[in-house]
Amino acid sequence: MERYTEPKYRTIYEATEEELEQLRLKSIHSKWKPNFHIHPQYGLINDPNGLAYFNGEYHVFYQWYPFGAMHGMKHWAHAKSKDLVNWERLPVAIVPVEDYESHGAYSGASLEIDGKLYLYYTGNIKYSAEERSANQNLAIMDRDGNITKYENNPLIEGVPSGFTGHVRDPKVFQKGDTYYMMLGAQRTDLTGAIIVYESSNGIDWSFKGELNINLELPDSVYMLECPDYFELDGKDVIVVSPQGLKPDGHDYHNLYNVIYVIGKLNLETLTFDVETYQELDKGFDFYAPQTFTGPNNERFLYAWAGMGEIDYPTDKEDWAHCLSLPRELNLVNGKVLQKPADSLKLLRKGQKVKELMTVEGVKEIDHESSQYELELDFQNKTSSTFGVELFASDTEGLVLQFNKEKQVVSLNREKFDAVFGEEFGIIRSAELEIGDITKVQVIVDRSIAEIFINDGEVVFTTRVFPKSESNGIKIYSDGKLECSFTKYELSE
Ligand code: FRU
């Protein structure tokens, strides 16, 4: 069948140096480019891909469209680091020039096999604006960092019967002598599923079937993207990005959402026995996360700090989005807790400010920078609503609020000149046990805030696009609040 053409389906090899330089220059002075979050120099990035600690270094690949803030021909961009903090941008890792990836090198994951890093990814194929298919492909990175596409790609051609062309985002893992590949998929009745292939060598794959998860997702869920599977503190966990969930109480207010499911995976019977599941992050801009194992067997997570189908204020500068910071996951009392990876402490410049204060009303903290980390311990004696306002000025502010009566924490990003995504609401919220002590850790990097509450029990990942003067911090409370406050400037 003839392939679909549109200008946005071209690769970086078709661009002149001059065109790329123009793109680079366009946003070089952007006040909203993060400093220590992985972000594009130009173009749009989305999902983290192929995450690994390999040969003594961390590798992060991610979806990248070079030619502006839109979703077009996706490449795999690449960066590496020895400490998860200082990153080196590397040449683009996968450029989709082959027939088996004619409309983009879509998301996927990596696995070390025989001393090499196997990068599994989806070759997106489009026949028209609506009709598509998918191939599962392999590229291999050796210990010197050379990346070569496997000569007999695709590994898996097309999609199994019973599913539409929406089959993608391979996650490959090994159990015993067998390799398994989980893929996000759409059944022909247009509902979402996870399917599984198996292999004895990571190269030759056979279709095993659909994973039967006893999770009552509504029929409105039309696709499951980016499935991830791992073991965490003795339990099996699936993290997946369903499309089509509808808002439900405090949950699923973004256009696309992410859930984690705890239970027991049985690869013989292809069943996943669910114990519990819930939304992973409560912020506005969080999608398609992926995890990997660190050198000390830590479980690290990166996510796309962005959301599809929304225009972002940086679109006019021809760049969009960033990744989250790396987080370490742990299972505590049946919940997945997320905390910033320990090595992020390397960002602290040493100018630590510690204060103890009593707040009744509003107290502004002396502060100027737009890259900092904040730890707040609220000792709440008499107040029923209290919290902190970030990116604060006379006219702007991101408001985190704890409501003791309702036992709810909420985040409101209404008060900015550069509004975006407001059609999906301006408040996100979560139930939280609010007792006498509430702990908040915030990392701010110009246009992104990651907010970790009570050691990562509730996390909000949120982009905001403030005016230059909006970098204040205000603590507020309607009763008497003791607040211990620690602030670190973070390095440029
Ligand atoms: C998720 C996703 C994946 C796909 C990729 C394309 O954000 O839609 O399912 O592989 O992005 O960029």
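What follows deals with the sheet that holds strand β2 (residues 57–65). In space, the five strands of this open sheet follow the order β4-β3-β2-β1-β21, with mixed pairing throughout. With partners counted over all chains shown, the strands left at the sheet margins are β4 (87–94) and β21 (319–320), one partner each. As defined by bridge partners, strand β1 (residues 43–54) adjoins β2 across seven bridges and the pair is classed as antiparallel. Directly across from asparagine 49, in β2, lies its bridge partner phenylalanine 61.

Leu390, Leu400, Phe402, Ile451 and Ile475 are the most contacted members of the largest nonpolar core, which totals 35 residues. Those residues in contact with isoleucine 451 that lie beyond four places of it in its chain are Leu390, Leu400, Leu411, Val440, Gln441, Val442, Val458, Val459 and Phe460. Counting 32 residues, the second-largest nonpolar core is a separate cluster that includes Tyr65, Tyr302, Tyr488 and Leu490.

Moving on, we come to the domain arrangement of the chain. Domain assignment breaks the chain into domain 1 (12–340) and domain 2 (343–490). Taking only C-alpha atoms, the centre of domain 1 and the centre of domain 2 are 30 Å apart. Counting from both sides, the interface comprises 40 residues of domain 1 and, opposite them, 42 residues of domain 2. Together domain 1 and domain 2 conceal approximately 3600 Å² of surface at their shared face, both sides included; 63% is due to carbon and sulfur atoms. When the buried area of domain 1 at its contact with domain 2 is split by residue, Phe36, His250 and Phe284 rank highest and sum to 21% of it. Taken together, the connections running from domain 1 to domain 2 amount to three salt bridges. Among the salt bridges present, the one from lysine 335 reaches glutamate 457, with a minimum N-O distance of 3.3 Å. Our enumeration of links across domain 1 and domain 2 arrives at 23 residue pairs in polar contact (both at pLDDT 80 or more). The biggest single contributor to the side of domain 1 that touches domain 2 is strand β23 (residues 335–340), with six residues. Among the residues making up the side of domain 1 that touches domain 2, the classes are represented as 19 nonpolar, eleven polar and ten charged.

Before going further, it helps to spend a moment on the site of the ligand. Neighbouring residues of the ligand: Asn46, Asp47, Gln63, Lys74, Tyr106, Ser107, Arg168, Asp169, Glu225, Tyr287 and Trp304. For the ligand, an oxygen atom lies 2.8 Å from a polar atom in the side chain of aspartate 47. Its free accessible area being 320 Å², the ligand has 91% of it covered by the protein chains. Those elements giving two or more residues to the shell around the ligand turn out to be β1 and β10 (163–175).

This part covers the environment of leucine 245. Examined against the element boundaries, leucine 245 turns out to sit in the loop between β16 (235–243) and β17 (259–266). When the C-alpha positions of leucine 245 and aspartate 219 are compared, they lie 8.8 Å apart, and in sequence the two are 26 residues distant. Ignoring any residue separated from it by four or fewer positions in sequence, one finds leucine 245 in contact with Leu217, Pro218, Val221, Tyr252 and Asn257.

A separate point is the sheet that holds strand β11 (residues 178–187). Within the open sheet, the four strands sit side by side as β10-β11-β12-β13. Their pairing is antiparallel. The open sheet has two edge strands, β10 and β13 (206–210), and neither has a second partner. Between one strand and the next, the sheet's axes are offset by a mean angle of 25°, whatever the strand orientation. As defined by bridge partners, β10 adjoins β11 across eight bridges and the pair is classed as antiparallel. Bridging across to β11, phenylalanine 173 finds its partner in tyrosine 180.

Relative to the helices and strands, alanine 305 resides in the loop between β20 (299–304) and β21. If near-sequence neighbours (up to four positions away) are discounted, alanine 305 is found in contact with Asp285, His321, Cys322, Leu323, Ser324, Ile448, Thr461 and Arg463.

Turning our eyes to something else, we now look at unusual backbone geometry. With an omega of -5°, the peptide bond running from asparagine 153 to proline 154 counts as cis. Inspection of the secondary structure assignment puts proline 154 in the loop between β9 (147–149) and β10.

Summed over all chains, the structure comprises 29 salt bridges. The salt bridge partner of lysine 171 is aspartate 228, with a shortest N-O separation of 2.8 Å. Taken together, the positions of lysine 171 in strand β10 and aspartate 228 in strand β15 (residues 223–232) put the pair 57 residues apart, joining distant regions of the chain. For the pair shown, lysine 171 and aspartate 228 are each scored as buried. Glutamate 275 is the salt-bridge partner of lysine 235, the closest N and O atoms lying 3.0 Å from each other. A residue pair is termed long-range when its members are at least 10 positions apart, and lysine 235 in strand β16 and glutamate 275 in strand β18 (residues 271–279) qualify at 40 residues. Look at lysine 235 and you get partly exposed, because its relative accessible area is 29%. Each of Glu57, Lys80 and Lys82 takes part in a single network of salt bridges with overlapping partners.

Basis of the calculations
Residues numbered from 1 in each chain as written. Predicted model: local features only at pLDDT ≥ 70, side-chain atom pairs only at ≥ 80, totals over all residues. Heavy atoms only, no water. Pairing = 2+ DSSP bridges. Helix = DSSP H or I, 4+ residues; strand = E, 2+ residues; numbered from the N terminus. Core = buried A, V, L, I, M, F, W, Y, C linked by side-chain atoms within 4.5 Å. Buried < 20%, exposed > 50% of the residue type's maximum accessible area, 1.4 Å probe, protein only. Contact = heavy atoms within 4.5 Å. Domains from an automatic or database assignment. Buried area = accessible area lost by both parts, 1.4 Å probe. Salt bridge = Lys/Arg side-chain N within 4 Å of Asp/Glu carboxyl O. Polar contact = N/O pair within 3.5 Å; in protein donor to acceptor, adjacent residues only side chain to side chain. Nonpolar A, V, L, I, M, F, W, Y, C, P; charged D, E, K, R; others polar. Near = heavy atom within 4 Å. Areas by Shrake-Rupley, 256 points an atom, 1.4 Å probe, with all protein chains shown as cover. Axes fitted to C-alpha atoms, helices over the stretch in contact; angles between N-to-C directions.

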